[in-house]
Structure formats: C-alpha cells, structure tokens
Amino acid sequence: LPINFTEVGGSFYCYHNKLTSLKGVPKEVGWDFLCYYNKLTTLAGAPEKVGGYFDCGYNKLTSLEGAPTEVGKGFYCWKNQLTDLAGAPEKVGGSFDCTYNKLTSLVGAPKYVGGDFYCWDNQLTSLVGSPKEVGGDFNCSYNPLKSTKGKPEYIGGRFLK
C-alpha cells in the first residue's frame, strides 16, 4: 500500500484488490481487518492486534505465519492452500473457520476459540492439534478422519464429524 498506517481505531478493509503483500497496513486495528479475495501468499506485515474480525479467506496462503497473536472476534482463513495452522492466533474470541483448505493437520490451531471451530472439507485424518477449548460447535465434517483422538477437551456446543 502506498500509505503507511500505525493504528486504525475502526475497521480496515483491503479486500478485492489483487494485493500480493500486506506491507503498509496498520499494526493495530480496533475493529475488523478484511483482506479476503486478494492474491496473498503470506500474512507478513499483517496487524499484530485486531479487536474484531480478521478475514484472509480466498487468497493463496500456504501458511498463517504473520497472523495476529490474538483476535477479538472471528478469524477466517477459508479457501486457501493451508496444510496446517502454524502461525494462527493463540486466542480467538469468536469463531475460527479454516474450511476448504488442504489441511492434513490442525497443529498450530488456537488454544482457545470462543465461538465455533470449523475445519470441514479438508484432508484431516486425525484431530491432533485441535484447540483445547471451543466455546461453540466443533465441526470437522467431510474429512477422511480415522480417529477423533486429539479433539478439544471442552466443546460448548455440538461435536460434528
């Protein structure tokens, strides 16, 4: 981006722009940061803190390295080329959606997800690496699961496999 920001109190939208880099985006965003439908291959340069939603879906990401460490509401990384969740935020206050990727592992998933956790339609054979706590539903449908070993210790909603 041609302008450098340090902090934005509200939302920052840069979706549908054919971006290949997040260089120059704010370091902190008070509400939502939406960078979906671009051509991003990395989250390097992404904000360190996001108070609302972080949506990086529909890109070409192969890693979540560079993602914020904590997101206040939902984190969405659906429709990318991820094989694991290394680099994902440690804590997500709302839902976490990693559907429609190429995940073979949930290693790197957040430890805590306050809402629903969606990992359906991937290539998961086990749930090792799942969050410890999921406040809502845990949906891992449409995966070739051989075992549910590693599923969250606490699921506040339904467990769907």
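Check the entry above for the structure.
Residues numbered from 1 in each chain as written. Predicted model: local features only at pLDDT ≥ 70, side-chain atom pairs only at ≥ 80, totals over all residues. Heavy atoms only, no water.

Asks: Got a sec to walk through the side chain of Asn 59? Specific residues and values, please.
Replies: With respect to the element layout, Asn 59 can be found in the loop between β6 (54-55) and β7 (70-71). Its relative accessible area of 7% is what places Asn 59 among the buried residues. A distance of 3.0 Å separates a polar side-chain atom of Asn 59 from the backbone nitrogen of Leu 40. Among the polar contacts listed, one links the side chain of Asn 59 to the backbone oxygen of Gly 57, at a separation of 3.2 Å. Excluding residues within four positions of it along the chain, Asn 59 makes contact with Cys 35, Tyr 36, Tyr 37, Asn 38, Lys 39, Leu 40, Lys 79 and Asn 80. (Helix = DSSP H or I, 4+ residues; strand = E, 2+ residues; numbered from the N terminus. Buried < 20%, exposed > 50% of the residue type's maximum accessible area, 1.4 Å probe, protein only. Polar contact = N/O pair within 3.5 Å; in protein donor to acceptor, adjacent residues only side chain to side chain. Contact = heavy atoms within 4.5 Å.)

Asks: Describe the sheet that holds strand β10 (residues 96-97), and please don't skip the residues or the numbers.
Replies: Taken in spatial order, the eight strands of this open sheet run β2-β4-β6-β8-β10-β12-β14-β16, and their pairing is parallel. Both edges of this open sheet fall to β2 (12-13) and β16 (159-160), since each of them pairs with a single strand only. For strand β14 (residues 138-139) and β16, the ladder comprises two bridges, and the chain directions are parallel. Bridge pairing links Phe 138 to Phe 159 in β16. (Pairing = 2+ DSSP bridges.)

Asks: Tell me about the sheet that holds β7, residues and numbers included.
Replies: Taken together, the eight strands give an open sheet; going across it, the order is β1-β3-β5-β7-β9-β11-β13-β15, and neighbouring strands pair in parallel fashion. If you trace the sheet from one side to the other, it starts and ends with β1 (7-8) and β15 (154-155), each paired once.

Asks: Go over the environment of Ala 44 with me, naming the residues and quoting the values.
Replies: Of note, Ala 44 is situated in the loop between β4 (33-34) and β5 (49-50). Residue classification places Ala 44 among the partly exposed residues on the basis of a relative accessible area of 45%. Once the C-alpha coordinates of Ala 44 and Ala 67 are considered, the two residues, 23 residues apart in sequence, prove to be 7.5 Å apart. Apart from the residues lying within four places of it in its own chain, the contact partners of Ala 44 are Leu 22, Glu 65 and Gly 66.

Asks: With reference to specific residues and values, describe the packing of aromatic side chains.
Replies: What the rule picks out here adds up to 15 aromatic pairs. Ring centres of Phe 117 and Phe 138 lie 5.2 Å apart, and the angle between their planes is 5°; on these two criteria the pair is classed as stacked. Placement of the pair is Phe 117 in strand β12 (residues 117-118) and Phe 138 in strand β14, with a sequence separation of 21 residues. Like Phe 117, the residue Phe 138 is buried in the burial classification. Each residue in the set Phe 12, Phe 33, Phe 54, Phe 75, Phe 96, Phe 117, Phe 138 and Phe 159 is aromatic and connected to the rest through ring pairs, giving one cluster. Its end group placed over the ring of Tyr 100, Lys 79 keeps NZ or CZ at 5.3 Å from the ring centre. The lysine or arginine in question, Lys 151, covers the ring of Phe 159, its NZ or CZ lying 4.5 Å from the ring centre. (Phe/Tyr/Trp six-rings, centres within 6.5 Å; stacked < 30°, edge-to-face > 60°. Lys NZ or Arg CZ within 6 Å of the ring centre and 35° of its normal.)

All quantities given are derived from atomic positions and should not be read as evidence of function.
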